[in-house]
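Given next are the chains, with one letter for each unit.
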Amino acid sequence: MSLSVVDFHCHLDLYENPALAARRAHELGAYILSVTTTPSAWAGTNALAQGYGRIRTSLGLHPQVAGSRIAELEIFDEFIHETRYVGEVGLDGSPSCQNSWAKQLLAFRHILKASASAGGRILTIHSRHATTAVLDELDLYPDAGIPILHWFTGTKSELMRAIGRGCWFSVGPAMLASAKGRAMASLMPSDRVLTETDGPFGKLDKQGLAPGEVFQAIHYLAKCWGVDCDTATRMMLQTLRRLTTSAL
Ligand code: MN
């Protein structure tokens, strides 16, 4: 019997055929965190996981749309009590997102505060060109829950700060396609790393990754940890269990 894989950041609802993507993920036996980019997408995306016991859906407001969708924080507050998972949320400091920075901050703070008030959540966080700012916000809201920095793009000193403050990480084949991504992943604590695809946006050889298509990431992490791929997969399943059973 083959081992189940973990894909802790996947946009099931943004595949060309979301229902098919969800069914394939289910048939693969993968543990999936199905993330959303707007609060209004949550109900429909959560419905995709109906009957699939290994798919969880998270409530998000992606920083790249936080500017135009800030009014949806109202919907966020409506659904926060229905899920233990929040994301995709965070900050994006890319030049193209500069003009929405103030609203991004407002949204991220609102979300961290709401997560803390709800008793803490498992958060999958985007931090492109904004790692320090994300960590600063997390420091302000220590009760928000367990932060998982997805597709880490920061510097080594930012990574050390993130590790020091208890962040977890999700890494995928797309991140590991770059030498810098591989260097960062090799420094992450093995008991706080999960795999992800970020599909359909996460790509390998220009192909969007399918849900659960994390093999290259497991292969690389296994090498870093000095174990074989099956052992790395088992370690990750244990990590996932520790995360999902942690008291929040
Ligand atoms: Mn994403």
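The structure we're discussing is the one just above.
Along each chain, the written sequence defines residue order, and numbers are assigned to residues from 1. Residue-level local features of this predicted model are given only where pLDDT is at least 70; pairs of side-chain atoms are given and counted only at 80 or more, and the full residue set underlies all totals for whole chains, interfaces and linings. Processing note: side-chain calculations cover all non-hydrogen atoms of the structure and skip hydrogens and water entirely.

Novice: Explain the coordination of the manganese ion residue by residue, including any values.
Specialist: Donor criterion used throughout: N, O or S atom within 2.8 Å of the metal, extended to 3.2 Å for Na, K and Ca. Water excluded; incomplete-looking sites may result. With distances of 2.2 to 2.3 Å, the protein atoms coordinating the manganese ion are His9 (NE2), His11 (NE2), Glu88 (OE) and Asp198 (OD). In primary-sequence terms, the residues that donate to the manganese ion follow H-x1-H-x76-E-x109-D. One end of the pair, His11, is in the loop between strand S1 (6-10) and helix H1 (18-28); the other, Glu88, is in strand S4 (residues 85-90), and 77 residues separate them in sequence. Side by side, His11 and Glu88 carry an identical accessibility label, which is buried. Helix and strand assignments follow DSSP, with helices taken as H or I runs no shorter than four residues and strands as E runs no shorter than two, numbered in order from the N terminus. To sort residues, take the accessible area from a 1.4 Å probe on protein chains only and compare it with the maximum for the residue type: under 20% means buried, over 50% means exposed, and anything in between is partly exposed.

Novice: Describe the sheet that holds S1, with residues and values.
Specialist: Strand order in the open sheet made by the 3 strands is S1-S2-S3, with parallel pairing throughout. Looking at strand neighbours, the two that pair on one side only are S1 and strand S3 (55-57), the edges of this open sheet. This sheet shows a mean twist of 15° between the axes of neighbouring strands, independent of strand direction. Only heavy atoms enter the contact rule, under which two residues are in contact if any of them lie within 4.5 Å. To define axes, lines are fitted to C-alpha atoms, for helices over the stretch in contact only, and angles between the resulting N-to-C directions are given on a 0 to 180 degree scale. Here helix H10 (residues 229-244) sits on the sheet and contacts S1 and strand S2 (31-34); the angle it forms with S1, its principal contact strand, is near 60°. Here, any two strands with at least 2 DSSP bridges between them count as paired.

Novice: Got a sec to walk through unusual backbone geometry? Specific residues and values, please.
Specialist: The residue after Gly87, namely Glu88, is reached through a cis peptide bond having omega 10°. Cis geometry is found at the peptide bond from Gly199 to Pro200, where omega equals 0°. For Trp151, which is not glycine, the phi torsion reads 45° and is therefore positive. Note on Trp151: relative accessible area 29%, which makes it partly exposed. In the Ramachandran plot, Asp198 falls in the positive-phi region, its phi being about 55° despite a non-glycine side chain.

Novice: Tell me about the pairing of S4, and please be specific about residues and values.
Specialist: The buried count for S4 comes to 6 of 6 residues, which makes it a mostly enclosed element. For the handedness criterion, the β-α-β arrangement of S4, helix H5 (residues 101-117) and strand S5 (residues 121-126) is classed as right-handed. Orienting the strands away from the viewer, one traces the path from the first strand over the helix to the second; a clockwise path indicates a right-handed crossover.

Novice: Give me the environment of Tyr220: which residues, what numbers.
Specialist: With respect to the helices and strands, Tyr220 occurs in helix H9 (residues 215-225). The class for Tyr220 is buried, based on a relative accessible area of 15%. As for Tyr220 and Ala185, which are separated by 35 residues in sequence, their C-alpha atoms are 9.0 Å apart. In this structure Tyr220 touches Leu176, Arg182, Ala183, Ala185 and Ser186, once residues within four positions along its chain are discounted.

Novice: Describe the side chain of His150, listing the residues and the values that go with them.
Specialist: Relative to the elements of secondary structure, His150 occurs in strand S6 (residues 145-150). Filtering out sequence-adjacent residues up to four positions away, His150 remains in contact with His9, Glu88, Thr124, Ile125, His126, Ser170, Glu196 and Asp198.

Novice: Lay out the sheet that holds strand S8 (residues 193-195) with the relevant residues and their values.
Specialist: In space, the 5 strands of this open sheet follow the order S4-S5-S6-S7-S8, with parallel pairing throughout. Because the sheet does not close on itself, it has two edges, and the strands there are S4 and S8. Each strand axis lies, on average, 25° off the axis of its neighbour in the sheet, ignoring direction. Packing of H10 onto the sheet brings it into contact with S4, S5, S6, strand S7 (168-171) and S8, and relative to S8 it is tilted by some 110°.

Novice: Got a sec to walk through the pairing of S7? Specific residues and values, please.
Specialist: Here S7 shows two buried faces, one formed by Trp168 and Ser170 and the other by Phe169 and Val171. Pairing between S6 and S7: 3 bridges, direction parallel. The residue bridging His150 from the neighbouring strand is Ser170, located in S7. Taken together, S6, helix H7 (residues 156-164) and S7 form a β-α-β motif whose crossover is right-handed. Of the pairings in the sheet, the one linking S7 to S8 comprises 3 bridges and is parallel in character.

Novice: Give a detailed account of the packing of aromatic side chains, specifying residues and quantitative values.
Specialist: Pairing of aromatic rings covers Phe, Tyr and Trp, the last counted by its six-membered ring, and requires centre-to-centre distances within 6.5 Å; plane angles under 30 degrees mean stacked, over 60 mean edge-to-face, and any other angle means tilted. One pass over the structure, following the stated rule, counts 3 aromatic pairs. Ring geometry for Phe8 and Tyr85: centres 6.3 Å apart, planes at 70°, overall edge-to-face. Remark: Tyr85 occurs in strand S4 and Phe8 occurs in strand S1; sequence separation between them is 77 residues. Judged by relative accessible area, Tyr85 falls into the buried class, the value being 7%.

Novice: Describe H7, and please don't skip the residues or the numbers.
Specialist: Along an α-helix, residues three or four positions apart point the same way, because every turn accommodates 3.6 residues. Along H7, the positions that sit buried rather than exposed are Glu158, Leu159, Ala162 and Ile163. On an axial view of H7, the arc spanned by its buried residues comes to 140°, and they lie on one face. Looking at H7, the residues exposed on the side facing more than 90 degrees away from the buried face are Ser157 and Gly164. The inward-facing, buried residues of H7 contact helix H6 (131-140), S6, S7 and helix H8 (179-187). One or two positions beyond H7, positive phi appears at Gly166, with a value near 90°. Starting at the helix axis, one direction is taken to each C-beta atom, and the arc is that of these directions.

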